[in-house]
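# Structural features, examined
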Amino acid sequence: MSEITEKQNPPANNNIMDIINTGCYVAGNKIESEKILEVRSPYDNRLVGTVALANATHAEQAIETALKGGQKLTRYDRFSILDKARQLLIERRDEFAKIISAESGLAIREAIYETGRVHDVLMFAAMESLKDDGQIFSCDISPQGKARKIFTTREPLSLALCITPFNHPLNQVAHKIAPAIAVGTPVILKPSEKTPLTAIKFTELLYDAGLPHYMLSTLLGPTNEIAEPLVKDPRVEIVSFTGSVTVGKRIATVAGYKKVILELGGNDPIIILEDADMDMAVHLAAEGSYRNSGQRCTAVKRILVHEKIKEAFTEKFVQKSKSYICGDPSDAATVVGTVIDEASAIYLETVVNKAVEQGAKILLGGRRSGALMEPTVITNVPRNADMVMQESFGPLAPILAFKDIDDAIALSNSTAYGLSSGIITNNMQHAIRFIKELKVGTVNINEVPGYRIESSPFGGIKDSGLGVKEGVIEAMKCFTFVKTFSMPW
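Quantities reported herein were computed from a predicted structural model and do not represent experimental measurements. (Residues numbered from 1 in each chain as written. Predicted model: local features only at pLDDT ≥ 70, side-chain atom pairs only at ≥ 80, totals over all residues. Heavy atoms only, no water.)

### What to know about the overall build of the protein chain
Test applied: Helix numbers and strand numbers start at the N terminus; a helix is a DSSP run of H or I with at least 4 residues, a strand a run of E with at least 2. Computation of the radius of gyration draws on C-alpha atoms, with the globule rule given as 2.2 Å multiplied by the number of residues to the power 0.38. Exposure is judged per residue with a 1.4 Å probe applied to protein chains only, and the accessible area is read against the type maximum: over 50% gives exposed, under 20% gives buried, and values in between give partly exposed. When checking whether two residues touch, look at their non-hydrogen atoms; a contact exists if any pair is within 4.5 Å. With residues, only the protein chains shown are counted as cover, and all accessible areas are computed by Shrake-Rupley using a 1.4 Å probe.
Along its length, the protein chain carries 15 helices and 24 strands. On C-alpha atoms alone, the protein chain measures out to a radius of gyration of 23 Å, which is about the 23 Å that the 2.2 N^0.38 rule sets for 489 residues. With the principal axes as the frame, the protein chain shows a C-alpha extent of 70 × 65 × 40 Å. Of all 489 residues assigned to the protein chain, the portion counted as buried reaches 57%. Intrachain contacts of the protein chain at a sequence separation of at least 6 include 73% that bridge at least 24 residues. Summed over all atoms, the accessible surface of the protein chain reaches about 20,000 Å², with 51% contributed by carbon and sulfur.

Laid out in structure tokens, this is it:
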């Protein structure tokens, strides 16, 4: 069994932080409210912080302030703000990591890693803010042409609504706000009620970096007063949402005539071919399955292994999985912390038990303690099991065999999702075939499904999204529109 630290007796450490008492922000003004949200640790239920919640009046104020505007930011202004935010994040890294770990239950090492990713988001957004992708078209290039030139330029949208989930509570927020700042689009941020403290602290960091207050409001409150009215409001020109399929499709239905960017769930496979480097395959399958407690839309949700090497792979994978210690998120030795709450862990436990009832066999893990769910290796999983067909958002590693490439492609494409995938092979022709035939937004060869850099495009198709990419550069395009103008030449 992989090691699991009992949550009733957490070891002494230096990562326990003071309780944070804060509130939402309307254009730089911290609100006061009698409605208070308590944020508790998924690990031991201790109070991590409180947030004064917003209401419909605050949402209206946020819209009006953003549209009224203020200091118009030059490209250099935007660069300077984002670069200053990057520097401040370096200085406050440990503070942010502690908050992330405390409110989400992620292992402290994962929280520190996340701050590094956000550093890159801010760096790339700052760099891109200095660039101009305008084009020039000469008009005298056909018999119908004239002596003119057509020019393109990008202009910011007037207001964006960004809605973020609990996993990656800092990086998900940065991936939306930083590109918006880079192009000068004001944002109303609605973060997850499960991890609001990180988002609010990041809001404060951006204010400290010199961001004009009208450019950002951060609101939490009742759905019928905050999220739903903002999604429907015609003054909001774009809704950028990351979260569940159900909520994403609801947003697409009610948002109306505006841009809608949806980054939804995933059921990503890692596909291990007969010729794969075994050590690489084992390492990548474990990292993809267990990092961030398996709570990533691009995590490995299915391990598909050629039937000829399944037995050898499984033996090595079980041994590797034993090294992923599960326990107190604030302990530096912990590799896998909690999932977001006990209800989520109970769901994962239920999914595992259902698979066992269908004939699957647990080789490692399978135990739950509160919101802690052990890294779980399970084999002989039926292809129609819930953990295969649906997104299991946790450290579960179901292993399924396939007989040939046709079977692997069909099995990979058999779910409603289409986000990402990883292929482990040394055969270039096989790799190319997977790239061409998998119905996903990303195919990574000899890498985990989730690999990317923060400026590269990412996003899914089918129930994983509408095919519109995010990533710093693509998000900047989404937060703008292209204006053309022409002149005699």
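### Description of the sheet that holds strand β6 (residues 136-138)
Filter applied, for reference: Any two strands between which DSSP finds at least two bridges are classified as paired. Lines are fitted to the C-alpha atoms to define the axes, a helix being fitted only along its stretch in contact, and any angle between axes, read from their N-to-C directions, falls within 0 to 180 degrees.
The strand order across the open sheet formed by 3 strands is β6-β7-β24, and the pairing between neighbours is antiparallel. Across the chains shown, the open sheet's two edge strands, defined by having one partner strand only, are β6 and β24 (480-488). With direction set aside, neighbouring strand axes in the sheet form an average angle of 20°. Pairing analysis gives 9 bridges linking strand β7 (residues 148-156) to β24, with the strands arranged antiparallel. The residue of β24 that forms the bridge with Ile 150 is Ser 486.

### With respect to the nonpolar core
The condition that has to hold: Here the nonpolar core consists of buried residues drawn from Ala, Val, Leu, Ile, Met, Phe, Trp, Tyr and Cys, with membership extended through side-chain atoms lying within 4.5 Å.
Of all hydrophobic cores here, the largest spans 88 residues; its most connected members are Phe 202, Leu 219 and Ile 251. Core analysis: the next-biggest nonpolar cluster, separate from the first, contains 29 residues, Leu 284, Ala 397, Ile 399 and Ile 424 among them.

### As for the packing of aromatic side chains
The relative placement of two aromatic rings is captured by the distance of their centres and the angle of their planes. Let me state the cut-off plainly: Centres within 6.5 Å make a pair out of two Phe, Tyr or Trp rings, where for Trp the six-membered ring is used; the pair is then stacked when the planes are under 30 degrees apart, edge-to-face when over 60, and tilted otherwise.
Counted by the stated rule, this structure contains 8 aromatic pairs. Ring centres of Tyr 25 and Tyr 207 lie 5.5 Å apart, and the angle between their planes is 70°; this geometry places the pair in the edge-to-face category. Here Tyr 25, found in strand β2 (residues 25-26), pairs with Tyr 207, found in helix α6 (residues 196-208); they are 182 residues apart in sequence, far enough to count as distant. A relative accessible area of 11% means that Tyr 207 is categorised as buried. Seen in terms of ring centroids, Tyr 290 and Phe 317 are 6.1 Å apart; in terms of plane orientation they differ by 25°. Their pairing is stacked. Of the two residues, Tyr 290 sits in helix α9 (residues 278-290) while Phe 317 sits in helix α10 (residues 310-321), which places them 27 residues apart along the sequence. Just as Tyr 290 is buried, Phe 317 falls in that class too. The rings of Tyr 290, Phe 313, Phe 317 and Tyr 324 are connected pair by pair, giving a single aromatic cluster.

### Quick look at the pattern of salt bridges
This is how it is decided: The term salt bridge refers to a side-chain nitrogen of Lys or Arg lying within 4 Å of a carboxyl oxygen of Asp or Glu.
Applying the stated criterion to the full structure yields 31 salt bridges. Between Arg 40 and Glu 38 there is a salt bridge, with the nearest N and O atoms lying 3.2 Å from each other. For Glu 38, a relative accessible area of 46% corresponds to the partly exposed category. With its nearest N and O atoms 2.9 Å apart, the salt bridge here joins Lys 249 to Asp 463. Linking Lys 249 in helix α8 (residues 245-254) with Asp 463 in the loop between β23 (461-462) and α15 (472-478), this pair joins segments that are 214 residues apart in sequence. In this structure, a network of salt bridges that share partners links the residues Glu 60, Asp 233 and Arg 235.

### Let's talk about unusual backbone geometry
Even without a glycine there, the phi angle at Asn 45 is positive, about 65°. By secondary structure assignment, the location of Asn 45 is in the loop between β4 (36-40) and β5 (47-52). Positioned with a positive phi, Asn 446 is a non-glycine residue whose angle comes to about 55°.

### Comments concerning the pairing of strand β12 (residues 259-263)
With 4 of 5 residues buried, β12 lies mostly within the body of the structure. As judged from the 5 bridges shared by strand β11 (residues 238-242) and β12, these two strands associate in the parallel manner. Across the sheet, Val 239 pairs through a bridge with Val 260, a residue of β12.

### Observations concerning the environment of Ala 333
Positionally, Ala 333 belongs in the loop between α10 and α11 (342-357). Overall, Ala 333 belongs to the partly exposed group, its relative accessible area being 41%. Once the C-alpha coordinates of Ala 333 and Ala 107 are considered, the two residues, 226 residues apart in sequence, prove to be 8.8 Å apart. If we ignore the near neighbours within four places in the chain, the residues touching Ala 333 are Arg 109 and Ile 325.

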